[in-house]
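Coordinate inspection notes
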Amino acid sequence: MSVKLNAKYIKDFVSDAALEVIRPEVEAAHEALNNGTGKGNDFLGWLSLPRDYDKAEFAEIKKAAKKIQKDSEVLVVVGIGGSYLGARAAIEFIKSQNYNLLKKGVPEIYFAGNTISSDSLNELVEIIGDRDFSVNIISKSGTTTEPAVAFRILREMLESKYGKEGAAERIYATTDRAKGTLKSLSDKEGYKTFVVPDDVGGRYSVLTAVGLLPIAVAGIDVDAIMKGAQDAMADCAEKDISKNDCYKYAAYRNLLYRDGKKVEMMVSYEPAYTMMNEWFKQLFGESEGKDGKGIFPASAIFSTDLHSMGQYIQQGERQLFETVVVFDKPKTEVEIKEEAANFDGLNFLAGKTLSYVNRKAFEGTVLAHSDGDVPNIVLEVEKMDEYNLGYLIYFLEKACAVSGYVLGVNPFDQPGVESYKKNMFALLGKPGYEDRKAELEARLN
């Protein structure tokens, strides 16, 4: 498997006998997924997506990406949650957190519609300035407040700059195949459309047009991403937990949860993994956090966060475990030179590379945290490239689904997300919420 689970630092916390106890539950989850008999079985399109994706639309995605690269200096991706996290995570994983500052020959890419901050949107308008830009609006319905507001303003900017017909050539809508406000508007105005599959939920949608169009615009090899996902699909289909690290990861998580470890910190020693952490938090948090259950997903980037959170992790309440994603090879390398005066006392590192030092930081930390009664699951990946990204995405999606079934929840719905929306609509005076508005205002006052 391209993603390998190193169980060396978990053995003191989870025995082989415990794995055998949970084995039947994992196998039952496997059967429920593959037979489509589990909860949320109408949202299993992601399961075979790496093999069965729409090849014609895939070609259209690459074609649209080339057009955007040719006619735009900036692409604004409008979406929230699963409609933007995967794409942003992939771009930073492959390219850099500083993608927009690097010389690259492809458009800058900014993400909007994931907040209701006027400051944030005004800053984006200023960043775009007079430059040529395009917009990729991603929304199943077209009525989700955050992206809908941002799209309204950006669409007005496009129409003012290029006229309605010119603007239509620069708007790409990723939405429902046949229905919804955004689909109707797109058909009316002539926007290029891509499909959010009916059977793929937002947090599982990064390998659809939802994620692939922005990723392709960034000049990333989407064929290699899909190849990695295809291989993960094959490798993660093995029913035997002892031969499937994806299932073993799901099993370890649930066993630790039952032992009182209620918080999982996903950790990496590469800052470019930061947004992958954010994608992970949505994937697992929205999938598992229901019915009064669920591991709380948190994240950190080491060694940076060891200087802010390290004390708590080492000696705070023993409620958490870590899943550490480590990469064997860096994208680039830096060698530490000898300094004649040795003013910083670091000449003992002369001739060594930063990746070597980073590895020793990981090794020292995993030993310290294990000694501090913090279980560590280590996922080893060769390098941060397209193939391994595709593999890792599918690996985590499958682990999340299996883990949710073992936990006893539906890993494909998110009923709790609607609560804040209904309250917000009522307080804003949306028609149909009048009775609720009075009740909420009374509570606030």
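Cut-offs used in this document
Residues numbered from 1 in each chain as written. Predicted model: local features only at pLDDT ≥ 70, side-chain atom pairs only at ≥ 80, totals over all residues. Heavy atoms only, no water. Helix = DSSP H or I, 4+ residues; strand = E, 2+ residues; numbered from the N terminus. Rg over C-alpha atoms; globule rule 2.2 N^0.38 Å. Buried < 20%, exposed > 50% of the residue type's maximum accessible area, 1.4 Å probe, protein only. Contact = heavy atoms within 4.5 Å. Areas by Shrake-Rupley, 256 points an atom, 1.4 Å probe, with all protein chains shown as cover. Lys, Arg positive; Asp, Glu negative; His and termini not counted. Charge placed at Lys NZ, Arg CZ, Asp CG, Glu CD. Pairing = 2+ DSSP bridges. Right-handed = clockwise from strand over helix to strand, strands pointing away. Axes fitted to C-alpha atoms, helices over the stretch in contact; angles between N-to-C directions.

A tally of helices and strands in the chain yields 16 helices and ten strands. For the chain, whose C-alpha radius of gyration is 23 Å, the value lies close to the compact-globule estimate of 22 Å for 445 residues. A principal-axis box enclosing the C-alpha atoms of the chain has dimensions of 60 × 60 × 55 Å. Out of the 445 residues belonging to the chain, those deemed buried represent 51%. At a minimum sequence separation of 6, the contacts of the chain that also span at least 24 residues come to 78%. As displayed, the chain offers around 20,000 Å² of accessible surface, 50% of which is attributable to carbon and sulfur atoms. With 55 positive and 67 negative side-chain charges, the chain shows a spacing of 3 Å between the two charge centroids.

Another aspect to go through is the pairing of strand β6 (residues 192-195). As paired elements, strand β5 (residues 171-175) and β6 share four bridges and run parallel to each other. Across the sheet, Thr 175 pairs through a bridge with Val 195, a residue of β6. Handedness of the crossover joining β5 and β6 through helix α7 (residues 181-189): right-handed.

Spatial strand order, β3-β2-β4-β5-β6: five strands in an open sheet with parallel pairing. Each edge of the open sheet carries a strand with a single partner, namely β3 (108-112) and β6. Taken over all neighbouring pairs, the strand axes of this sheet differ in orientation by 20° on average, direction set aside. Note: strand β2 (residues 74-78) against strand β4 (residues 133-138), five bridges, orientation parallel. If you follow Val 77 over to β4, its bridge partner there is Asn 136. Packing against the sheet, helix α3 (residues 55-71) makes contact with β2, β4, β5 and β6, and its axis sits at approximately 140° to β6.

Moving on, we come to the pairing of β4. Along β4, six of the six residues are buried, which leaves the element largely enclosed by surrounding structure. Here β4 shows two buried faces, one formed by Phe 133, Val 135 and Ile 137 and the other by Ser 134, Asn 136 and Ile 138. Sheet analysis places β4 next to β5, joined by four bridges and oriented parallel. Considered in β5, the bridge of Asn 136 is made with Tyr 172. In this region the chain leaves β4, passes through helix α6 (residues 145-168) and returns to the parallel neighbour β5; the handedness of that crossover is right-handed.

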